[in-house]
Amino acid sequence: MNAVVLIDTLLLLLVTATAVAIIEVRSLYASSILTGIYSLLMALVWVNMHSMDVSFTEAAVGGGISTILLIGTLVHVGREEKPIKKRLHVPALIFTALTGAALIYGTLDMPRFGDPAAPIHHYRVPEMMAQTVGFVNGTPGKQKPPEGFDVERYRRFDGRVTGPIPDDPKDTAWRERSILQTEGLIVPQVRAAHEPHAEPGHHLHPPDDFNGHVPNSVTSLLAAYRGYDTMFETTVIFTAGVSLILLLRRPRREGYLQPGAVMSDQVILRVVAKLSIPFILLFGFYVITHGELGPGGGFQGGVVLATAFILYALIFGRAALYRVVPPPVSDMLTGVGVLIYSGTGAVCMLLGGKFLDYSMLNPALPGDGESLGMTLVEYGVGITVSMVMLTIFNQLAEERST
Amino acid sequence: MTGALGIYNYWIYVLLMMIGLYGVIAKPNLIKQAIALGLFQTGIFLYYISMAVIDGGTAPVWTTILDGAQKYEGPYDNPLPHVLILTAIVVSVSVLAVALALIINIKRTYGTIEYDEIEAMDQADKRADYQRGQVVDAADDVEHKLEGHHHA
């Protein structure tokens with residue numbers, strides 16, 4: 001048993017204990033705080049499983065925003081659960097035990113944890129890791145490199161690939177000996193287990209900054225391989241913001257503001273908030289901008305940006321926040337983010353590519369084009385996520401209980 | 001890793017999902033139900049991320065490209081489940097937010113967020129409609145609450 005498994009085992013036991021406590025504790029306030037603890041433990045579990053982006057999201061969303069939203073709701077609905085006579089709900093217990101037993105029976109023939117032979121580590125993984133999304137792959141009009149492009153230099157990766165180069169760019173046997181092998185970008189055991197890929201064009205990435213690739217393959221998949229999915233998930237978040245406005249916003253004639261508690265008379269809170277807010281904002285923008293280089297991206301960065309505004313509202317009151325970000329502005333920006341995302345896709349179409357085909361943004365250096373497109377898209381996601389989170393917080397805090 | 005420890009993560013995912021499911025069924029409080037639904041979701045997240053792990057692997061961010069001197073030959077964990085789950089987490093907080101907004105509206109309309117009480121009020125309302133204004137003895141206290149909130 002290695003250290004990773006040991007930590008994993010302990011963390012998951014803690015997570016399960018916290019989950020039981022969340023359900024069984026009677027105070028809803030305690031339950032909300034435990035939810036935050038649960039999310040932070042989960043974030044540790046994700047780090048232990050090398051899933052940095054998910055961990056980042058869980059820490060920002062679960063540990064930060066969800067807990068604030070839950071506590072904001074408890075202000076209106078009361079913080080105690082009604083006492084229940086029977087602590088144990090026997091029919092529910094029997095039902096969940098049976099369902100759980102069936103699911104555990106289903107796990108018995110699952111591949112073992114971390115097994116390299118598991119199907120998930122083979123199906124399309126070389127393509128995903130090599131990031132062959134977008135460029136050349138079967139797109140008509142992109143089979144030929146653009147005007148004035150040094151094909152020889154391009155296919156030799158700036159001289160790093162030596163030896164004879166076949167005339168046919170679809171020569172897949174040659175590709176296996178090409179730069180991908182030299183640079184070791186394909187999981188070795190997968191490469192050994194697979195026939196050479198039928199897909200042409202792996203070796204056609206030009207010698208630009210990142211060797212035609214984006215270092216964080218999670219962001220690459222997010223914005224390119226699953227670009228449509230991410231776009232519509234941004235739309236889902238936008239829809240959530242619209243729903244909150246429709247469900248809870250008071251008519252404008254009643255005014256946005258009801259008097260609420262302000263903590264700005266607390267010197268320590270005021271000073272610490274004013275000191276930390278610029279750094280939180282800077283960190284948020286850093287996370288969005290470096291989405292394709294390291295862990296992070298639009299979703300995480302957007303949530304971090306939102307926490308800066310929420311902190312400001314908590315300390316100085318929502319009247320002060322509305323002077324900085326008036327509700328009409330934040331409402332508009334939720335839509336602007338989705339527009340930036342889909343607009344980037346539309347620009348790629350206007351330049352002659354497919355929707356969200358970022359390499360069209362810089363045809364001479366498609367890798368740079370992909371980087372640029374992903375950064376634009378991440379900013380779109382970041383703007384929508386931050387403004388929707390802010391709107392959700394405002395609406396949940398705004399409604400005084402009647 | 002072999003033996004039972006090899007599928008330990010999958011058992012924990014089942015356990016978390018079932019704790020969430022138990023909460024949704026057994027707890028009449030709507031806030032508790034929303035939180036329990038979140039637990040159910042994290043169980044599924046754990047399932048996905050557990051599948052992505054590969055023995056001896058690391059995070060799917062290439063250091064090779066940024067620093068040509070060091071060549072890491074892999075293996076990397078599968079990035080696709082990570083992508084699916086990181087968007088799912090943000091969508092789950094949106095779901096939670098809409099649920100909380102609906103709960104606030106329910107509190108305003110019914111004056112309670114306990115599911116059984118809401119159900120009793122709805123039944124009483126239905127019965128009152130059916131009997132055309134006759135006093136429903138079974139739901140006296142509920143009638144009293146309805147005077148305050150529902151028919152206001």
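Residues numbered from 1 in each chain as written. Chains lettered and ligands numbered in written order. Predicted model: local features only at pLDDT ≥ 70, side-chain atom pairs only at ≥ 80, totals over all residues.

Trainee: Looking at this model, I keep getting lost on the overall build of chain B. Mind explaining?
Mentor: In terms of regular secondary structure, chain B is built from 6 helices and 0 strands. Along chain B, helices and strands appear, N-terminal first, in the series α-α-α-α-α-α. Looking at chain B residue by residue over its 152 residues, the buried ones come to 47%. Contacts in chain B between residues far apart in sequence, at least 24 positions, make up 51% of those at least 6 positions apart. (Helix = DSSP H or I, 4+ residues; strand = E, 2+ residues; numbered from the N terminus. Buried ≥ 20, exposed ≤ 12 C-beta atoms within 10 Å, placed from the backbone. Contact = placed C-beta atoms within 7 Å.)

Trainee: Quick question: what am I supposed to make of the overall build of chain A here?
Mentor: Secondary structure assignment for chain A yields 16 helices and 0 strands. A total of 402 residues make up chain A; the buried ones form 43% of that total.

Trainee: Honestly, unusual backbone geometry in this entry has me stumped. Any pointers?
Mentor: Residues other than glycine predominantly adopt negative phi, and peptide bonds predominantly adopt the trans conformation. All names here are of chain A. The backbone of H50 sits at a positive phi, close to 65 degrees, despite the residue not being glycine. Tracing the chain through its elements places H50 in the loop between helix 2 (28-48) and helix 3 (52-77). Looking at H50, the number of C-beta atoms within 10 Å reads 22, which means it is buried.

Trainee: Just checking my understanding: could you explain the nonpolar core for this structure?
Mentor: General note: in soluble globular proteins, nonpolar side chains tend to be found buried as a group. L69, V303, M389 and F393 of chain A together with L16 and A97 of chain B are the most contacted members of the largest nonpolar core, which has 115 residues in total. Counting residues per element, this core draws most heavily on helix 16 (residues 366-398) of chain A, at 14 residues. Contact partners of L16 of chain B, with chain neighbours within four places excluded, come to T16 and A19 of chain A together with L39, T42, G43 and L46 of chain B. (Core = buried A, V, L, I, M, F, W, Y, C linked by C-beta atoms within 7 Å.)

Trainee: Is there a simple way to explain the interface of chain A and chain B in this structure?
Mentor: Put simply, an interface is often sized by how much accessible area is lost when its parts join up. Taken together, the contacts link 86 residues of chain A with 76 residues of chain B. The element that contributes the greatest number of residues to the side of chain A that touches chain B is helix 3 of chain A, accounting for 13 residues. Within the side of chain A that touches chain B, the residues separate by chemical class into 47 nonpolar, 30 polar and 9 charged. (Nonpolar A, V, L, I, M, F, W, Y, C, P; charged D, E, K, R; others polar.)

Trainee: Before we go on, may I ask you to explain the packing of helix 1 (residues 3-24) of chain A against helix 1 (residues 8-26) of chain B in this structure?
Mentor: For the pair helix 1 of chain A and helix 1 of chain B, interaxial distance at closest approach is 10 Å and the crossing angle is 5 degrees. Between helix 1 of chain A and helix 1 of chain B, the angle is such that the two are roughly parallel. Between helix 1 of chain A and helix 1 of chain B, the contacting residues are T9, L12, T16, A19, V20 and I23 of chain A on the first element and Y8, I12, L15, L16, I19, Y22 and G23 of chain B on the second. Here the residues of the contact of helix 1 of chain A with helix 1 of chain B are counted per class, giving 10 nonpolar, 3 polar and no charged. (Axes fitted to C-alpha atoms, helices over the stretch in contact; angles between N-to-C directions. Parallel < 35°, antiparallel > 145°, perpendicular 65-115°, else oblique.)

Trainee: Help me understand the UniProt feature "transmembrane region" (unreviewed entry) in chain B in this model?
Mentor: Mapped onto this structure's residue numbering, the UniProt feature "transmembrane region" (unreviewed entry) falls at residues 6-25, 34-54 and 83-104 of chain B. Each end of residues 34-54 of chain B is marked by a C-alpha atom, and these two atoms are 33 Å apart; helix forms 90% of the span and strand 0%. (UniProt positions renumbered as here; feature names shortened; annotations may be inferred.)

Trainee: Please clarify how the UniProt feature "domain: MrpA C-terminal/MbhD" (unreviewed entry) in chain A should be interpreted in this entry.
Mentor: Those places that UniProt annotates as "domain: MrpA C-terminal/MbhD" (unreviewed entry) correspond, in this numbering, to residues 13-77 of chain A. The distance from the first to the last C-alpha atom of residues 13-77 of chain A is 32 Å, and the span holds 91% helix and 0% strand.

Trainee: Could you clarify how one ought to interpret the environment of L16 of chain B in this entry?
Mentor: With respect to the helices and strands, L16 of chain B occurs in helix 1. In this structure the C-alpha to C-alpha distance between L16 of chain B and L39 of chain B, which are 23 residues apart in sequence, comes to 6.5 Å.

Trainee: Before we go on, may I ask you to explain the packing of helix 3 of chain A against helix 4 (residues 79-110) of chain B in this structure?
Mentor: When two helices pack together, their arrangement is given by the angle between the helix axes and the distance between those axes. Contact pair helix 3 of chain A / helix 4 of chain B: the axes reach a minimum separation of 10 Å and the direction vectors enclose 0 degrees. In terms of orientation, helix 3 of chain A lies roughly parallel with respect to helix 4 of chain B. Taken together, the residues of helix 4 of chain B that come into contact with helix 3 of chain A (itself represented by D53, V54, T57, E58, V61, G62, I65, S66, L69, T73, H76 and V77 of chain A) are H82, I85, L86, I89, V90, V93, L96, A97, L100, I103, I104 and K107 of chain B. Looking at the contact of helix 3 of chain A with helix 4 of chain B residue by residue, the classes come out as 15 nonpolar, 6 polar and 3 charged.

Trainee: Quick question: what am I supposed to make of helix 2 (residues 30-52) of chain B here?
Mentor: In an α-helix, one full turn covers 3.6 residues, which means residues spaced three or four apart are oriented alike. An ideal rise of 1.5 Å per residue puts 33 Å on 23 residues; helix 2 of chain B measures up with 34 Å between its terminal C-alpha atoms. Burial runs high along helix 2 of chain B: 20 of the 23 residues are buried. (Expected span 1.5 Å × (residues − 1).)

Trainee: For this particular structure, what's the right way to read the confidence of the model for chain A?
Mentor: As a general rule, the predicted coordinates of low-pLDDT regions are not to be interpreted in detail. Residue and element names in this part refer to chain A. Put simply, chain A has an average pLDDT of 77, and 72% of its residues get 70 or more. Every residue in residues 132-147 scores below 50 in pLDDT, and together they form 32 contacts with partners more than four places removed in sequence or on other chains. Across residues 178-212, where pLDDT falls below 50, the model places 97 contacts with residues more than four positions away in sequence or in other chains. (pLDDT = per-residue confidence, 0-100.)

Trainee: Just to check I follow, could you spell out the confidence of the model for chain B for this structure?
Mentor: All names here are of chain B. For chain B, the mean per-residue pLDDT works out to 80, and 74% of the residues sit at or above 70. Put simply, helix 3 (residues 63-66) is where chain B has its lowest mean pLDDT, 48, and helix 2 is where it has its highest, 93. Prediction confidence for the complex, expressed as pTM and ipTM, is 0.79 and 0.82 respectively.

Trainee: Would you explain the environment of P75 of chain B in this entry?
Mentor: Residue and element names in this part refer to chain B. Considering the arrangement of structural elements, one finds P75 in the loop between helix 3 and helix 4. Take P75: there are 21 C-beta atoms within 10 Å of it, and that puts it in the buried class. Put simply, P75 and G56 are 19 residues apart on the chain and 7.0 Å apart in space, counted from C-alpha to C-alpha.

Trainee: Sorry if this is basic, but what is going on with the environment of T96 of chain A here?
Mentor: Summarising the element assignment, T96 of chain A is placed in helix 4 (residues 90-107). In this structure, T96 of chain A is in contact with M18, L21 and Y22 of chain B, ignoring residues within four places of it in sequence.

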